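# Topology and contacts: notes
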Amino acid sequence: MTSIDLNADLGEGFGRWQLTDDEQLLSVVTSANVACGFHAGDAATMRRVCEQAAERGVRIGAQVSYRDLAGFGRRAMDVPPAELTAEVAYQIGALEVFARAAGTRVSYVKPHGALYNRVVHDEEQAGAVVDGVLLADATLPVLGLPGSRVLELAAKAGLPAVTEAFADRAYTERGTLVPRGQDGAVVTDPEAVVERSVGLARSGTVTARSGVPVEVRARSLCLHGDTPGAVELARRVRARLEESGIRVEAFV
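Sequence order sets the numbering: in each chain, residues are counted from 1 along the sequence as written. For a predicted model such as this one, the threshold for reporting local features is a pLDDT of at least 70, and the threshold for listing and counting side-chain atom pairs is 80 or more; totals across whole chains, interfaces and linings nevertheless cover every residue. Note: side-chain values were computed over all heavy atoms of the structure, leaving out hydrogens and water.

With that settled, the discussion passes to the overall build of the protein chain. We count a stretch as a helix when DSSP gives it H or I for four or more residues in a row; a strand needs E for two or more, and each element gets its number in order from the N terminus. Check the secondary structure of the protein chain and you find eight helices and twelve strands. The reference for a compact globule is 2.2 Å times residues^0.38; the radius of gyration itself is calculated from the C-alpha atoms. The C-alpha radius of gyration of the protein chain comes to 17 Å, within 12% of the 18 Å expected for a compact globule of 252 residues. With the C-alpha coordinates aligned to their principal axes, the bounding extent of the protein chain is approximately 40 × 40 × 35 Å. Contacts: residue pairs with any heavy atoms within 4.5 Å of one another. Residue pairs at least 24 apart in sequence account for 72% of intrachain contacts in the protein chain once pairs closer than 6 positions are excluded. Accessibility throughout is a Shrake-Rupley quantity obtained with a 1.4 Å probe, and a residue counts as covered only by protein chains that appear here. Of the accessible surface of the protein chain, which amounts to about 10,500 Å², a share of 50% is contributed by carbon and sulfur atoms. Positive: Lys, Arg. Negative: Asp, Glu. His and the chain ends are not part of the count. For the purpose of locating charges, the reference atoms are NZ of Lys, CZ of Arg, CG of Asp and CD of Glu. For the protein chain, the separation between the mean place of its 27 positive charges and that of its 33 negative charges on side chains is 2 Å.

See the structure below:
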């Protein structure tokens, strides 16, 4: 039977501000990418999400980012490699404290936003991220875009490299994500997202914005927690996947 992991970005709040419906999404997804304080999240939020994830058996991932709270980690930044390595390790370590306190552990690492897109092509920044993971825990899988430099370097370093796809993001013909600043970068039609999810899980293909089929072989499928109606959309995606004979389970 075909299987796929469902992951979502969670813990994206700060102080009294909360963006994602963490509790409800944790009842649907199998992996939680938890913000580690650099693009969103704070100590109390990280602890709460780890406890809720542990209660539901959801795997916890460290969603590491550039230090950019004001820009939600989506602004391009130039960070020296040694500094980025230290900051990646720092974020993983902070989340690991709360994961262990909840009786579980950090199970993987996923870059966020501008850093995620940067390490698709930038070898220096990708290497810094991999070095940060190695510094924190040399057994952690790295989640990223198929064909990205960060996954290539992670595999070379002996880290499990796990591919992911996005049902709610538009793709270019090269298999990369259309930048958020461009029209149509986010797929907003719920039924289209559901159908794309099944296609990605079953055949490993998605239609690019240009209309050309693109191969995107992925072990995990991301649903953005900050999308309007994210909880109901996630439920529809999971239900359709299971109705289509696709098993939904964590990749770790």
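Next comes the rest of the description.
Quick look at the side chain of Asn 7 now. In this structure, Asn 7 sits in strand E1 (residues 3–10). Relative accessibility under 20% of the residue-type maximum defines a buried residue, over 50% an exposed one, and the middle range a partly exposed one, all with a 1.4 Å probe and only protein chains included. Assessed through its relative accessible area of 0%, Asn 7 is described here as buried. Identification of polar contacts relies on pairs of N or O atoms within 3.5 Å, with a donor-acceptor requirement for protein atoms, meaning one able to donate a hydrogen and the other able to accept it, and with residues adjacent in sequence counted only if both atoms are side-chain atoms. Here Glu 164 takes part through its side chain, which lies 3.1 Å from a polar atom of the side chain of Asn 7. Separated by 2.8 Å, the side chains of Asn 7 and Ser 220 make a polar contact. Beyond its immediate chain neighbours, meaning those up to four positions away, Asn 7 contacts Val 29, Ser 31, Asn 33, Tyr 108, Lys 110, Leu 143, Glu 164, Ser 220, Leu 221, Cys 222 and Leu 223.

Next up on the list: helix H8 (residues 230–243). For a helix, the expected span equals 1.5 Å multiplied by the number of residues minus one. Relative to the 20 Å expected for 14 residues at 1.5 Å per residue, H8 spans 20 Å between its end C-alpha atoms, a close match to the ideal helical length. Buried within H8 are the following residues: Ala 230, Val 231, Leu 233, Ala 234, Val 237 and Leu 241. Projected down its long axis, H8 shows its buried positions confined to an angular sector of 165 degrees, all on one face. The inward-facing, buried residues of H8 abut E1, helix H1 (22–25), helix H7 (190–203), strand E11 (220–223) and strand E12 (247–248). Phi for Gly 245, located one or two positions after H8, is positive at around 80 degrees. This arc is taken over the directions from the axis of the helix to the C-beta atoms.

As far as function goes, none of this settles anything; it's purely spatial.
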